[in-house]
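Structural overview
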Amino acid sequence: MVPTIRAVAVALISLALLSSAAGIAAAHTALIASDPAKDAQISAPLTTVVLTFSESINPTFANVVVRSADGRDWVTGQVRVDGPRLTVDVGPQPLPRGGYTVGYRVVSADGHPVSGSYAFTITAAPGGPTSATPSASSAPAEPTASPAASPSGPDTRTSIISAGIAGLALGGIIAFIQSRRRRNR
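Source: prediction; values computed, not measured. (Residues numbered from 1 in each chain as written. Predicted model: local features only at pLDDT ≥ 70, side-chain atom pairs only at ≥ 80, totals over all residues. Heavy atoms only, no water.)

1. Topic: the pattern of salt bridges
Applying the stated criterion across every chain yields a total of one salt bridge. Across the salt bridge formed by Arg80 and Asp89, the nearest N and O atoms sit 3.1 Å from each other. For Arg80, a relative accessible area of 39% gives the class partly exposed. Using a relative accessible area of 28% as the deciding quantity, one classes Asp89 as partly exposed. (Salt bridge = Lys/Arg side-chain N within 4 Å of Asp/Glu carboxyl O. Buried < 20%, exposed > 50% of the residue type's maximum accessible area, 1.4 Å probe, protein only.)

Below, the structure is given as structure tokens:
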């Protein structure tokens, strides 16, 4: 009877330690600033999009797209990463008037993927066409939630998956201990 109580105690202590570690693992990077900002109305020519995160980003896995309502990606060139700051050029200049969505997928310094998107609008394009497509001026990019405004995004999903894996591992350890004890008897 005592070995069973010991096994349960070990399981409970392990579960407590794993659940406290899940809180630390859930503290992934987040988008803290952007230029243009979420829901911004831009009237000046736009040449770059800059995203700033709460921690450094792995440059190997940084991806940014800037899409108009017709689905065209306006990014020209590679993403430049400087610590927590990502910069990407857009063009050709000037960008047409209409709605745009910035989408990103990055890997933080702790190795966790983080993705999100937000929208902005170009209200005028001096000297350029008035619209990317006939529908771009009448149909802004579909609204999307900002990762900073949605704390239940990829971080929560990762925490749930981590907790599930920890539970399965703990169950395996308990099953192994129990089978070993039965063999020794």
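Back to the write-up after that little detour.
2. Things to note about the pairing of strand 7 (residues 98–107)
Taken across its ten residues, strand 7 has nine buried, putting it largely inside the fold. Pairing of strand 4 (residues 63–68) with strand 7, which is carried by six bridges, proceeds in the antiparallel orientation. Within the sheet, the bridge partner assigned to Val66 lies in strand 7 and is Val102. Both strand 7 and strand 8 (residues 113–122) contribute to a ladder of ten bridges, which runs antiparallel. Counterpart to Val106 in the pairing with strand 8 is Val114. (Helix = DSSP H or I, 4+ residues; strand = E, 2+ residues; numbered from the N terminus. Pairing = 2+ DSSP bridges.)

3. Some thoughts on the pairing of strand 6 (residues 85–89)
Relative to strand 6, strand 3 (residues 48–53) runs antiparallel, the two sharing five bridges. Its bridge partner lying in strand 6, Val49 is registered against Val88. Pairing analysis gives three bridges linking strand 5 (residues 80–82) to strand 6, with the strands arranged antiparallel. Bridged to Arg80 within strand 6 is Thr87.

4. Things to note about the sheet that holds strand 1 (residues 31–35)
With antiparallel pairing, four strands are arranged side by side in an open sheet as 1-3-6-5. Looking at strand neighbours, the two that pair on one side only are strand 1 and strand 5, the edges of this open sheet. Geometrically, the sheet is characterised by an average inter-axis angle of 15° between neighbouring strands, direction not taken into account. (Axes fitted to C-alpha atoms, helices over the stretch in contact; angles between N-to-C directions.)

5. Notes on the confidence of the model for the protein chain
Per-residue confidence for the protein chain gives a mean pLDDT of 74, with 63% of residues at or over 70. Scored below 50 in pLDDT, residues 128–156 shows 40 contacts in the model against residues more than four places distant or in partner chains. (pLDDT = per-residue confidence, 0-100. Contact = heavy atoms within 4.5 Å.)

6. Section: the sheet that holds strand 7
The strand order 2-8-7-4 describes an open sheet built from four strands, whose pairing is mixed. In this open sheet, the two strands that pair with only one neighbour each are strand 2 (41–42) and strand 4. Alignment of strand 2 against strand 8, held across two bridges, turns out to be parallel. Its bridge partner being in strand 8, Gln41 is matched across the sheet by Thr121.

7. Description of the packing of aromatic side chains
A ring pair, where both rings are aromatic, is described by two values, the distance of the centres and the angle of the planes. One pass over the structure, following the stated rule, counts three aromatic pairs. A centroid spacing of 6.3 Å and a plane angle of 75° characterise the contact between Trp74 and Tyr100, whose relative ring orientation is edge-to-face. Of this pair, Trp74 sits in the loop between strand 4 and strand 5 while Tyr100 sits in strand 7, and the two are 26 residues apart along the sequence. Using a relative accessible area of 4% as the deciding quantity, one classes Trp74 as buried. Exposure remark for Tyr100: the relative accessible area of 0% places this residue in the buried category. Taking 5.5 Å as the distance between ring centres and 15° as the angle between the ring planes, the aromatic pair formed by Tyr100 and Phe120 counts as stacked. (Phe/Tyr/Trp six-rings, centres within 6.5 Å; stacked < 30°, edge-to-face > 60°.)

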